[in-house]
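Here are the chains, one letter per residue:
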Amino acid sequence: QVQLVESGGGLVQAGGSLRLSCAASGRTFSSYVMGWFRQAPGKEREFVAAIRWSGGMTSYADSVKGRFTISRDNAKSTVFLQMNSLKPEDTAVYYCAARRGPFTVVNGPSAYDYWGQGTQVTVSS
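First things first, this report covers the structure right here in the doc. Residues take numbers from 1 onward in each chain, read along the sequence in its written order. Confidence filtering applies because this is a predicted model: local features only for residues at pLDDT of at least 70, side-chain atom pairs given and counted only at 80 or more, and all residues used for totals across whole chains, interfaces and linings. As a convention, hydrogens and water are excluded, and side-chain values are obtained from all of the structure's heavy atoms.

Here's the deal with the nonpolar core
Inference 1: Residues belong to one nonpolar core when they are buried, are Ala, Val, Leu, Ile, Met, Phe, Trp, Tyr or Cys, and are joined through side-chain atoms within 4.5 Å. Each residue's exposure class comes from its accessible area (1.4 Å probe, protein chains only) as a fraction of the maximum for that residue type: buried when under 20%, exposed when over 50%, partly exposed otherwise. Met34, Trp36, Leu81, Met83 and Tyr94 are the most contacted members of the largest nonpolar core, which totals 37 residues.
Inference 2: For this core, the secondary structure elements donating two or more residues are β3 (18-25), β4 (32-39), β5 (46-52), β7 (68-73), β8 (78-83), β9 (92-100) and β11 (119-124).
Inference 3: What makes two residues a contact is simply this: any of their non-hydrogen atoms within 4.5 Å. When neighbours within four sequence positions are excluded, methionine 83 is seen to be in contact with Gly16, Ser17, Leu18, Leu20, Arg67, Phe68, Tyr94 and Val121. A helix here means a DSSP run of H or I that spans at least four residues, while a strand means a run of E at least two residues long, and both kinds are numbered starting from the N terminus.

So this is what it looks like as structure tokens:
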């Protein structure tokens with residue numbers, strides 16, 4: 001059973017930084033794609049970033065390019081999302097997701113099989 005547990009959310013002022021973590025367990029994740037998504041109140045869940053566990057290939061939403069960085073620690077089976085220069089519009093619940101397979105169609109929520117419970121990120125202006 002795959003388990004994904006997010007942590008690191010909180011309240012931060014605009015321009016600040018946060019680092020989210022996603023601890024993964026229950027599988028060997030070398031063939032998995034890991035993604036971060038977010039969902040603001042009244043909006044659909046949207047893609048933020050993705051990383052292929054093996055090889056480290058990454059993809060980002062245009063809205064976060066240059067500000068957010070996704071990475072992974074193989075030894076700890078943990079994926080990180082470093083968020084810098086945060087804006088009020090980044091406020092959302094952030095979810096970690098996982099799926100097995102190639103690094104294609106990484107930005108669609110329906111492509112992922114496993115989800116964490118989410119962590120709240122609030123950016124004040």
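Observations concerning the state of the cysteines
Inference 1: Note that a disulfide, as used here, is simply two cysteine sulfur atoms within 2.5 Å. By the definition in use, this model includes one disulfide.
Inference 2: Each disulfide pairs two cysteine sulfurs, and for cysteine 22 the partner residue is cysteine 96, the sulfurs being separated by 2.1 Å. For the disulfide bridge between cysteine 22 and cysteine 96, the dihedral angle about the S-S bond is near -75°, and by the sign convention the bridge is left-handed. With a gap of 74 residues between them, cysteine 22 in strand β3 and cysteine 96 in strand β9 connect regions that are remote in the sequence.

A short note on unusual backbone geometry
Inference 1: The phi dihedral of serine 77 falls on the positive side, at around 50°, and the residue is not glycine.
Inference 2: Not every positive phi belongs to a glycine, and serine 85 is a case in point at roughly 50°.
Inference 3: Residue position: serine 85 is located in the loop between β8 and β9.
Inference 4: Owing to a relative accessible area of 41%, serine 85 belongs among the partly exposed residues under this scheme.

Remarks on the side chain of aspartate 90
Inference 1: Summarising the element assignment, aspartate 90 is placed in the loop between β8 and β9.
Inference 2: The definition of a polar contact used here is a pair of N or O atoms within 3.5 Å, where within protein one atom must be able to donate a hydrogen and the other to accept one, and adjacent residues in sequence count solely through side-chain atom pairs. Engagement of the side chain of aspartate 90 in a polar contact is seen with the side chain of arginine 67, the distance being 2.8 Å.
Inference 3: Residue contacts for aspartate 90: discarding those within four places in its chain leaves Arg38, Arg67, Phe68, Ser85, Val121 and Val123.

Remarks on the environment of threonine 69
Inference 1: With respect to the helices and strands, the residue threonine 69 is situated in strand β7.
Inference 2: Relative accessible area serves as the criterion here: at 42%, threonine 69 is assigned to the partly exposed category.
Inference 3: Along the backbone, threonine 69 and tryptophan 115 are 46 residues apart, and their C-alpha atoms lie at a distance of 20 Å.
Inference 4: With sequence-adjacent residues up to four places away left out, threonine 69 is seen in contact with Tyr60, Phe80, Leu81 and Gln82.

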